[in-house]
Amino acid sequence: MLKALEGSQALARAVALCRPGVVAAYPITPQTHIVENISKLVADGEMGCELVSVESEFSAASVVLGAAAAGARAYTASSSQGIMLMSEVLYNMAGLRIPAVITCANRSVGAPLNIWNDQADSMAIRDSGCIQLYCADNQEGVDSTIQAFRIAEATELPVMVCVDGFVLTHTLEPIDLPSQTKVDRFLPEFDFARRLDPKAPKSFGTLVDPGWFTEVRHSHHRAMQKALPVIEEIDAAYEKAIGRAAGGLLKTHGPKGAKTAVLALGSVVSTLRQGLNDGLAKTPVKIIQLRCFRPFPTEALIEAVDGVDDLIVLERAFSPGLGGIVGTEVTAALAHLKKRPRIHNFAVGLGGRDVPVELLPELIAATRGTTPEPFRIFDVELDKLPAEDR
Amino acid sequence: MAKTPETAKKAPSKAASKPAKAKTAKAGDAKSGGAKGKSAAPAETPSRKVAAGVGTAPGVDAQALGGELAELRRRQPRFRGLEAGHRACQGCGEALGARLVMEAAGPDVMVANATGCLEVFTTPWPQSAWRVPWIHSLFENAAAVASGMEAALKARGHRTKVMAFGGDGSTFDIGFQALSGMLERTHNVLYVCFDNEAYMNTGIQRSSSTPHAAATTTSPAGSQRMGKRHLKKDLLQIIAAHHVPYAASASVAYAADLRRKVRRAIEIEGPTFLLLHVPCPLGWGHDGAKTIEIARLAVQTGLFPVVELERNELAGVMPIRQPRPVSDYLKLQNRFRHLFGNDHRARQEREHLQALADHNIATYHLLGEEPDPLDTEGADTVRRGGLIA
Ligand SMILES: Cc1ncc(C[n+]2csc(CCOP(=O)(O)OP(=O)(O)O)c2C)c(N)n1
Ligand code: SF4
Ligand SMILES: [Mg+2]
């Protein structure tokens, strides 16, 4: 049944449906509404978890790590500076192969201080060894959150579900929350085989010397690669159980044979889709939504760009001094193809700058008759800057 | 730091390639911890998969333990949560302290251990000296990881006691915030700080627990400096100010007192804290055979007051009958060697340290008539520590 829910409220309810044993969180805009909603659900007895109101995001992630190691389904959420403060723990959690779910309500990372949406935070920890899923709308946020617990527990890897701050977290949308019975059927009770247990003592997180470190890292890399089909299978299982898929590794919108494609992550996809539906693109164009950014779905991407001449890669963050992060990765993933599209790489919507539906035709126009630009911040207004900074 | 894993790179020995058979450890069964054991190296930890050092603790037959912890406990009055065969330096006070804490705690516990010597010398993959569930995550999050473990056990309806272990660096300095949070939220966790008064694992750097005037590699003595310029942080008072039910200091020189405090803390449902003074022969620059003597002198001079605080009220002290002069303690350690030079600054610093000791004695009313506590009471009786009947 569809219900008008604020994104954060929908996400909190999705988490509740997964019956976590432990939730730990610390407030930060724009994630705050998620924690507040969870706290209210706990206060009202609608959620039976241990809610640990920690003194920092660093401890939030550490509590989740300890809780999951001790066998509880565990969850936390944060944004921006909070994700940065968690980063040491997120690497550690992933390296220890501890399954847990983290929502990242995407926000820029300061300085300058800015509370609005881009994806610099989750991009900064892309090498942590956590799985990362990016959601185009709040329905996907709900569905991906529920799937994330099953993915984490099947792969023994932490899963980060990325939802754009404000654009999704603070926006009312008609949402279908699956019933508890259906979620219970889809998501079995968490049974962590390696959990800390006095009846079968194990040592976690030992000192690993050069004789073993490489092999441990290799097995982590393999685990990430092996997660690719698991993410697809779990999406299919979800569709069967709930009646709706969330997009597997990536999904495409628009005409199959289009020679131009736009690749993006997160809520921009919805904006582009709207532009497409409104007929703003004068030429046939398809939109490629990269739902799964880690592990990187190279094969699925190659398939999706088959027959595409111009591929526009959009970023909501970038690496200063290099350029696009997603653009660089996409370029690398397609480099060995004999026939590969021209890649145009743009950052848009940094620090909450509006991404209008008119973006779609503007992007297409920018790629016409030019040699591809390696990277550009598309919506920068250079006339605001002193000459030497332009 | 002083423990490059010696055997980990060798091909697994025959004995090690077989999973360790369960055996009921008798008192005195194995050599005590702390020695760089060759013969007593813990067994290989067979693992389900290679995943960042995850394995089964040695010497434990999970089946034998199944559901019969109480019985196991009865049969094993000296259950050793931390086995011999780790790679601590000879005479390491931290190794001995951890062994005593684990003996008193019993088998129904799990441990979150911060980065530091204790973590490193007990778990060179693929070996582990721990016979209880044990996790190391980071340098500064042991208290938060323990909070999560405790919350999980609560959520799952289990009553195993959670303990968090950290060195002074991890406790006084970098993990202080997480610890404060854990205490404030009243998690049912016993936090033990192994206080060897410097960052030993990284090669003897000063911490906020390093005593005034002690030389470390980042507070060296020189023509312009007499070692550390600042005072040792009074952590116990800060902990007590959280109004925790129990916060105490203890010394590795007084094993019976330590065991009693561990048992006491474990039986309390709530956050408890133990500050355990553990000499480090390498970092303090003393003979490994003098660890106990030096630890004892720290108490008898008044430099390390051994006290108990309940809800921020002084509830007990270890009395000193005849205080020893601080120079008796200082002169045995190289870290204070510069205080015995023939110059007025050295004399001034010695007097300063004596004044600090006198201040402790006065503040905690340490002068007592009772005999010095002897190390016999309860030495060989260990009640089970956990909360399951
Ligand atoms: C965030 C972080 N900073 C620094 C370190 C390096 N480091 C590891 S152990 C350690 C010192 C440990 O000192 P202490 O807690 O007193 O334990 P000890 O080794 O003395 O027992 C340091 C500085 C680290 N592991 N992580
Ligand atoms: S604490 Fe000191 S004595 Fe013990 S292992 Fe570390 S350096 Fe060696
Ligand atoms: Mg130390």
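Conventions used here
Residues numbered from 1 in each chain as written. Chains lettered and ligands numbered in written order. Predicted model: local features only at pLDDT ≥ 70, side-chain atom pairs only at ≥ 80, totals over all residues. Heavy atoms only, no water. Helix = DSSP H or I, 4+ residues; strand = E, 2+ residues; numbered from the N terminus. Rg over C-alpha atoms; globule rule 2.2 N^0.38 Å. Buried < 20%, exposed > 50% of the residue type's maximum accessible area, 1.4 Å probe, protein only. Contact = heavy atoms within 4.5 Å. Areas by Shrake-Rupley, 256 points an atom, 1.4 Å probe, with all protein chains shown as cover. Pairing = 2+ DSSP bridges. Buried area = accessible area lost by both parts, 1.4 Å probe. Salt bridge = Lys/Arg side-chain N within 4 Å of Asp/Glu carboxyl O. Polar contact = N/O pair within 3.5 Å; in protein donor to acceptor, adjacent residues only side chain to side chain. Near = heavy atom within 4 Å. Nonpolar A, V, L, I, M, F, W, Y, C, P; charged D, E, K, R; others polar. Disulfide = S-S within 2.5 Å. Core = buried A, V, L, I, M, F, W, Y, C linked by side-chain atoms within 4.5 Å. Domains from an automatic or database assignment.

Draft legend 1. Here's a closer look at the overall build of chain A. Along its length, chain A carries 12 helices and 18 strands. Relative to its length of 390 residues, chain A is compact, with a C-alpha radius of gyration of 21 Å against a globular reference of 21 Å. Counting only residues that meet the buried cut, chain A has 60% of its 390 residues in that class. The contacts of chain A with a sequence gap of at least 6 include a subset with a gap of at least 24, amounting to 81%. When the accessible surface of chain A is split by element, carbon and sulfur atoms take 54% of a total near 14900 Å².

Draft legend 2. Up close: the side chain of S144 of chain A. Residues and elements named next belong to chain A. Mapped onto the elements, S144 comes out in helix α6 (residues 138-155). A relative accessible area of 0% places S144 in the buried class. If near-sequence neighbours (up to four positions away) are discounted, S144 is found in contact with L133, C135, V161, A246 and R291.

Draft legend 3. Region of the structure containing the sheet that holds strand β11 (residues 260-264) of chain A. Residues and elements named next belong to chain A. Taken in spatial order, the 6 strands make up an open sheet running β10-β12-β11-β14-β17-β18, and their pairing is mixed. Edge positions in the open sheet fall to β10 (250-253) and β18 (376-377), since each of these has one partner strand only. Judged from the 5 bridges that link them, β11 and strand β12 (residues 285-290) form a sheet pairing that is parallel. Across the sheet, the residue bridging to L263 is I288, located in β12.

Draft legend 4. Examining the pairing of strand β10 (residues 307-310) of chain B more closely. All names here are of chain B. Pairing of strand β8 (residues 246-251) with β10 involves 2 bridges; the strand directions are antiparallel. Within the sheet, the bridge partner assigned to A247 lies in β10 and is L309. Counted between consecutive antiparallel strands, the loop separating β10 from strand β11 (residues 313-317) contains 2 residues, among which R311 sits at a positive phi close to 45°.

Draft legend 5. Examining the interface of chain A and chain B more closely. If you look at the interface, chain A gives 47 residues, while chain B gives 56 residues. Both sides together, the interface formed by chain A and chain B hides about 4200 Å², and carbon and sulfur atoms give 63% of it. Considering only the surface of chain A that becomes buried against chain B, P198, P201 and L207 of chain A emerge as the three largest contributors, covering 16% of it. Our enumeration of links across chain A and chain B arrives at 1 salt bridge. Residue R185 of chain B is joined to E55 of chain A by a salt bridge in which the shortest nitrogen-to-oxygen separation is 2.9 Å. At the junction of chain A and chain B, the tally comes to 12 residue pairs in polar contact (both at pLDDT 80 or more).

Draft legend 6. Inspection of the site of ligand 2 at higher detail. Residue and element names in this part refer to chain B. Ligand 2 sits among 10 residues. The nearest are C89, C92, C117, N196 and C280. Put simply, the parts of the chain that give the shell around ligand 2 at least two residues each are α5 (117-122) and α11 (281-284). Grouping the constituent residues of the shell around ligand 2 by class yields 8 nonpolar, 1 polar and 1 charged.

Draft legend 7. Quick look at the state of the cysteines. By the definition in use, this model includes 0 disulfides over all chains. The thiol sulfur of C130 of chain A is not disulfide-bonded, and the nearest other cysteine sulfur, from C162 of chain A, lies at 9.9 Å. Using a relative accessible area of 1% as the deciding quantity, one classes C130 of chain A as buried. Its sulfur unpaired, C193 of chain B is 13 Å from the next cysteine sulfur, which belongs to C117 of chain B.

Draft legend 8. Highlighting the nonpolar core. In terms of nonpolar packing, the biggest core is built from 207 residues, with L311 of chain A together with I135 of chain B touching the most fellow members. The residues that make up this core include at least three from each of domain 1 (2-242) and domain 2 (250-389) of chain A. Excluding residues that lie within four positions of it along the chain, I135 of chain B makes contacts with L65, A69, L96, I98, L196 and F204 of chain A together with V111, A112, N113, V145 and M149 of chain B. The next biggest cluster of nonpolar side chains, apart from the first, holds 21 residues, and it includes V262, V269, L314 and V348 of chain A.

Draft legend 9. Spatial organisation of the site of ligand 1. Residue and element names in this part refer to chain B. In the region of ligand 1, 18 residues are neighbours, and E94, C117, G169, S170 and N201 sit closest. Taking G169, its main chain carries an N or O atom lying 2.8 Å from an oxygen atom of ligand 1. Contact distances for ligand 1 include 3.0 Å between an oxygen atom and a backbone N or O atom of M200. Sorting elements by how many residues they give to the shell around ligand 1 places helix α7 (residues 168-174) first, with 4 residues. Of the residues contributing to the shell around ligand 1, the split by class is 6 nonpolar, 8 polar and 4 charged.

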